[in-house]
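Single-letter residue listing:
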Amino acid sequence: MSAGIARVGVVGGGQMGAGIAEVCARAGLDTVVCEVDAVAARTARDRMAASLERAVRRGRLEREAARDALARTVFTGGLDVLADRQLVIEAVVENADAKTEVFAALDKIAEDPAAILATNTSSLPIMRLGMATGRADRVVGLHFFNPVPVLPLVEVVPSLHTSAATTATIEAFATSALEKTVIRSQDRAGFVVNALLIPYLLSAVRMAESGFASAADIDAGMEHGCAHPMGPLKLADLIGLDTVVSIAESLYEEFREPLHAPPPLLRRMVEAGLLGRKTGRGFHTYDQG
């Protein structure tokens, strides 16, 4: 396999983690997904199976290839099975304490001193996660986009400690094994894409909050007036409003720009559990069936 990486672990089997595992398995890699317990692991397996089935129905994947990808993926609770992995990609909740805890644990578990520990964080400093380990030179940001099996982009984000060899290896892995398009970012909150995207989404939220226009009209305006494939509030719902708030808070903490501050409406919606597509309601309503 590309860059010598054949055994991959993914920590977290949510929407992003399951998607990352899927693209790794479809690339022929020996893939392990770790969740908090067996129940969550089964849910992660179901999530990946459903995504593979959608790819088959839409003609993007042969059924035999889908079966093979699922068969070569192990879903389990706990992290100990990651001891032999050459690359582990963390994809847990966008929370600094949770991610730091995972990296500290992985540092003790990963037996190969050359193993790379990557994070799918949207906005948190790679340096902070690397310093939770004794191998900061082997820690790097590898930020995928949702839905992972469909969107071609990956951001590679080295910290000040990440070695040039680690960065080169992970870029080769993403481009050759996963067939993704890679862009490189400095270790700054939001990296390239979210540093541009989140202020735009927050501006749309403020427009809806002020009564300037309805959510439907804001989205229609950008879809039909600017040829965007999805309006900003639909996109926020797809990302998850809780994730949008987390990224915005990281941007505001680093840059202290008012345009990065989450609007009150957005915070209230998150407090109410109206998180977008994953809960069936955000700025729009979605069928959960």
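Residues numbered from 1 in each chain as written. Predicted model: local features only at pLDDT ≥ 70, side-chain atom pairs only at ≥ 80, totals over all residues. Heavy atoms only, no water.

### Considering the sheet that holds strand E3 (residues 73-77)
Stated precisely, the cut-off is as follows: Strand pairing is defined by DSSP finding a minimum of two bridges between the two strands. Numbered from the N terminus, helices here are DSSP runs of H or I no shorter than four residues, and strands are runs of E no shorter than two. Every angle, taken between N-to-C directions, lies between 0 and 180 degrees, and every axis is a line fitted to C-alpha atoms, over only the stretch in contact when it is a helix.
Reading across the sheet, the 8 strands line up as E3-E2-E1-E4-E5-E6-E7-E8 and stay open at both edges, with mixed pairing between neighbours. For this open sheet the edge positions go to E3 and strand E8 (181-184), each flanked by a neighbour on one side alone. Along the sheet, successive strands turn relative to each other by an average axial angle of 25°, direction set aside. In this structure, strand E4 (residues 87-90) lies alongside strand E5 (residues 116-119), joined through 4 bridges in parallel fashion. Opposite glutamate 90, over in E5, you have threonine 119 as the bridge partner.

### Thoughts on the pairing of strand E6 (residues 139-144)
Along any regular strand the residues' side chains alternate between the sheet's two faces. Worth spelling out the cut-off: Three exposure classes are used, based on accessible area relative to the maximum for each residue type with a 1.4 Å probe and protein chains only: buried under 20%, partly exposed in between, and exposed over 50%.
E6 sits mainly inside the fold: 6 of its 6 residues count as buried. Every second residue of E6 is oriented toward a common face, with Val139, Gly141 and His143 on one face and Val140, Leu142 and Phe144 on the other, all of them buried. Pairing of E5 with E6 involves 3 bridges; the strand directions are parallel. Directly across from threonine 119, in E6, lies its bridge partner glycine 141. Here E6 pairs with strand E7 (residues 153-158) via 5 bridges, running antiparallel.

### Considering the pattern of salt bridges
Applied cut-off: Here a salt bridge means any side-chain nitrogen of Lys or Arg lying within 4 Å of a carboxyl oxygen belonging to Asp or Glu.
Across all of its chains, the model carries 13 salt bridges by this definition. In this structure, the salt-bridge partner of lysine 99 is glutamate 90, at a minimum N-O distance of 2.4 Å. In this structure, arginine 135 and aspartate 107 form a salt bridge, with 2.8 Å as the shortest nitrogen-oxygen distance. Here aspartate 107 lies in helix H4 (residues 96-109) and arginine 135 lies in the loop between helix H5 (126-130) and E6, a separation of 28 residues in the sequence. Residue classification places aspartate 107 among the partly exposed positions, given a relative accessible area of 21%. Connected through shared salt-bridge partners, Arg7, Asp30, Asp84 and Arg85 make up one network.

### A few points about the side chain of glutamine 86
Counted only if it meets this: Polar contact is the term for a pair of N or O atoms within 3.5 Å; when the atoms are in protein, one must be able to donate a hydrogen and the other to accept it, and sequence-neighboring residues count only if both atoms are side-chain atoms. Contact criterion: two residues are considered in contact whenever any of their non-hydrogen atoms come within 4.5 Å of each other.
Structurally, the position occupied by glutamine 86 is in the loop between E3 and E4. The class for glutamine 86 is buried, based on a relative accessible area of 17%. Within the structure, the side chain of glutamine 86 is placed 2.9 Å from the backbone nitrogen of arginine 7, a separation counted as a polar contact. Not counting the four nearest positions on each side in its chain, glutamine 86 is found in contact with Gly4, Ile5, Ala6, Arg7, Ala115 and Ile116.

### Side note on the pairing of E7
Definition in use: The path from the first strand over the helix to the second decides the hand: if it runs clockwise while the strands point away from the viewer, the crossover is right-handed.
Counting buried positions along E7 gives 5 out of 6 residues, so the element sits mostly inside the fold. Here 4 bridges tie E7 to E8, and the two strands are oriented parallel to one another. Counterpart to leucine 153 in the pairing with E8 is threonine 181. Note on the crossover from E7 through helix H6 (residues 164-177) to E8: the handedness is right-handed.

### Focus: H4
Keep this limit in mind: To estimate how far a helix should extend, the number of its residues minus one is multiplied by 1.5 Å. Starting at the helix axis, one direction is taken to each C-beta atom, and the arc is that of these directions.
Across its 14 residues, H4 extends 20 Å between first and last C-alpha, which sits within 8% of the 20 Å expected from 1.5 Å per residue. Along H4, the residues classified as buried are Ala96, Lys99, Val102, Phe103, Leu106 and Ile109. The arc that holds the buried residues of H4, viewed along the axis, is 155°, so those residues lie on one side. Exposed positions of H4 whose direction lies more than 90 degrees from the buried face are Asp97, Glu101 and Lys108. Lining the buried residues of H4 we find strand E1 (7-11), E4, E5, H5 and E6. Backbone nitrogen of aspartate 97 and a side-chain oxygen of the N-cap are separated by 3.0 Å at the start of H4; the cap is asparagine 95.

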